[in-house]
Amino acid sequence: MAEYRLKTPLTDEDIQMLQIGDQVLLTGTIYMARDAAHKRMVDLLESGQSLPVNLRGEVIFYAGPCPPKPGQIIGPVAPTTAYRMDPYAPAMYEYGVKGTIGKGPRREMVKEACKQYGAISFAAVGGLSTILSRRVTDVEVVAYEDLGPEAIRRLEVEDFPLLVAYDAHGQDLYEQEIAKYENYNKNANKGVGI
Amino acid sequence: MRIVHVDQIIETVAKLCWEACYYLPEDVLAGFRRAEKTEASPIGKTILQQLLENAEEAKVNHMPYCHDTGMAVVFVEVGQDVHITGGNFLDSIQEGVRTGYREGYLRKSVVGDPLIRVNTGDNTPAVVHTEIVPGDQIKFTVLPKGGGSENMSAMKFLLPGEGMQGVKNFVLQTIKEAGGKACPPVVVGVGIGGSFDKVTSLAKHAVLREIGVHHHEPHIAQLEKELLEEINNTGIGPQGLGGTSTALWVPIETYACHITALPVAVNIQCHAARKKTAVL
Ligand code: SF4
């Protein structure tokens, strides 16, 4: 479980190097998109059309912020549940997206897509919204403005804290870690421990 | 008889909306602190520390703790000796929510039609539960309910013979299916008994109970203790990334039920366990 400071765009070497459990502080440009924007984008990809923003090689952050108070760059923001984007994720990775940021476990199809297309599914802490918003240095709506909090936004982030949840080698952090702590206290009380 | 003007209701509800979203209740923070001490997973421990830090930053900067400021669920207990003037009571609650979400810079997360799905732009309508009680006061509780945990909630009719064990199995199964998607550490509100509608309402009311307070019936308190232990033995942990702090508390509420029925409902409340009460 190594720690890295990485810059976007992520290179193929970066991606091959990352292993589940690695902590990454990410700096650079990322794109925010969630349910409604994904539905539109995958419809476009399926009909062979281009996306409103070029996301090849980019990282997508599944999130929708609060409105900013006067003087704030962005309102509180943290990842939304990643599994709702699972039906769209393989198509987005195939298109060329290199990383996604969400919260919570994902389905087999995402694990496999990460392996097949050489990509990462990162976890950030759901609900860590005040802290994460302070790592955003710039924000701009770049497509689907009509979707309000669900519009696609370009973000500049600095040292944005992430964990590698699914890597390009087919590993799954959720599965690995939960297995370690199942019945942990029960076993500890019996002196079994792990 | 006491007279209350709707303007007072609007003001009270508006303030409760943003206060609930900015300032996490003390019982929840105490729960985080306890969990942080006992958490066995290093990743889990770090997450709990971050949650405490996030709560502190939200409080100091008067900002929402979590960006999903939810659909507002408003519980109102109206004293039977109160007379409301100046407008429609239910409209004033919606106006309070509208004002609170606008003035508090909270996220608007409500779509007007569940199938057409256009955002209403002001986070109304709220879900309002009204009860008439003795007295001449009105008590308001606002529970901003995020989607991540609400979506993982579940209800089932068990066979009466399945009893305690059946209830346990269903609660555990619901928590395992939710895993990291519901943003653990969670508060697991459980309803047992009543009817189809009543049991979910019991589960929802249960999450309002203060963390650390058990049910007054000894057999239910015992069930709460056992479930808490078993849920924390699932290994799910903070954010589902493994650990021993999956739930902070398991409050259960019960009600009488039909001879043929044993309904159970589980309302999952994520770590953004926001709730705020005021009395007018
Ligand atoms: S589940 Fe709760 S803590 Fe997690 S993002 Fe939703 S509201 Fe926030």
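Residues numbered from 1 in each chain as written. Chains lettered and ligands numbered in written order. Predicted model: local features only at pLDDT ≥ 70, side-chain atom pairs only at ≥ 80, totals over all residues. Heavy atoms only, no water.

Chemist: Give me the UniProt feature "domain: Fe-S hydro-lyase tartrate dehydratase alpha-type catalytic" (unreviewed entry) in chain B: which residues, what numbers.
Modeler: Per the UniProt record, "domain: Fe-S hydro-lyase tartrate dehydratase alpha-type catalytic" (unreviewed entry) is annotated on residues 11-278 of chain B. Taken as a whole, residues 11-278 of chain B contains 39% helix and 21% strand, while its terminal C-alpha atoms sit 11 Å from one another. (UniProt positions renumbered as here; feature names shortened; annotations may be inferred. Helix = DSSP H or I, 4+ residues; strand = E, 2+ residues; numbered from the N terminus.)

Chemist: Describe in detail the packing of aromatic side chains, supporting the description with residues and values.
Modeler: Given two aromatic rings, one states the distance between the centres and the angle between the planes to describe the pair. Under the definition given, this model contains six aromatic pairs over all chains. Residues tyrosine 181 of chain A and tyrosine 184 of chain A carry aromatic rings whose centres are separated by 5.5 Å and whose planes lie at 45 degrees to one another, so their mutual orientation is tilted. Through pairs of rings, three or more aromatic residues link up here, namely Trp18, Tyr22 and Tyr23 of chain B. Lying across the ring of tyrosine 144 of chain A, arginine 40 of chain A places its NZ or CZ 4.8 Å from the centre. Stacked on the ring of tyrosine 255 of chain B, the Lys or Arg lysine 198 of chain B has its end atom at 4.5 Å from the ring centre. (Phe/Tyr/Trp six-rings, centres within 6.5 Å; stacked < 30°, edge-to-face > 60°. Lys NZ or Arg CZ within 6 Å of the ring centre and 35° of its normal.)

Chemist: If you had to explain the UniProt feature "domain: Fe-S hydro-lyase tartrate dehydratase beta-type catalytic" (unreviewed entry) in chain A to someone new, which residues and values would you point to?
Modeler: The UniProt entry lists residues 5-176 of chain A under the feature "domain: Fe-S hydro-lyase tartrate dehydratase beta-type catalytic" (unreviewed entry), expressed in the numbering used here. Taken as a whole, residues 5-176 of chain A contains 26% helix and 27% strand, while its terminal C-alpha atoms sit 24 Å from one another.

Chemist: Let's hear about the pattern of salt bridges: which residues, and what values?
Modeler: Under the definition given, this model contains 27 salt bridges over all chains. Note that arginine 154 of chain A is salt-bridged to glutamate 140 of chain A, the shortest N-O span being 2.9 Å. Of this pair, arginine 154 of chain A sits in strand S7 (residues 152-166) while glutamate 140 of chain A is found in strand S6 (residues 136-143), placing the two residues 14 residues apart along the sequence. Residue classification places arginine 154 of chain A among the partly exposed residues on the basis of a relative accessible area of 28%. The salt bridge partner of glutamate 150 of chain B is lysine 145 of chain B, with a shortest N-O separation of 2.9 Å. Taking the relative accessible area as the measure of exposure, glutamate 150 of chain B reaches 29% and is therefore partly exposed. (Salt bridge = Lys/Arg side-chain N within 4 Å of Asp/Glu carboxyl O. Buried < 20%, exposed > 50% of the residue type's maximum accessible area, 1.4 Å probe, protein only.)

Chemist: Could you give an account of the domain arrangement of chain B, with specific residues and numbers?
Modeler: Residue and element names in this part refer to chain B. Domain boundaries in chain B define domain 1 (2-20 + 65-145) and domain 2 (148-273). In this complex, domain 1 contributes eight residues to the contact, which on the side of domain 2 involves 12 residues. For the pair domain 1 and domain 2, the two sides together bury roughly 800 Å², of which 67% comes from carbon and sulfur. Across the contact surface, domain 1 and domain 2 share four residue pairs in polar contact (both at pLDDT 80 or more). At the level of secondary structure, the elements contributing two or more residues to the side of domain 1 that touches domain 2 comprise strand S2 (71-79) and strand S5 (138-145). Per-element accounting of the side of domain 1 that touches domain 2 gives the leading share, three residues, to S5. Split into classes, the residues belonging to the side of domain 1 that touches domain 2 amount to five nonpolar, one polar and two charged. (Domains from an automatic or database assignment. Contact = heavy atoms within 4.5 Å. Buried area = accessible area lost by both parts, 1.4 Å probe. Polar contact = N/O pair within 3.5 Å; in protein donor to acceptor, adjacent residues only side chain to side chain. Nonpolar A, V, L, I, M, F, W, Y, C, P; charged D, E, K, R; others polar.)

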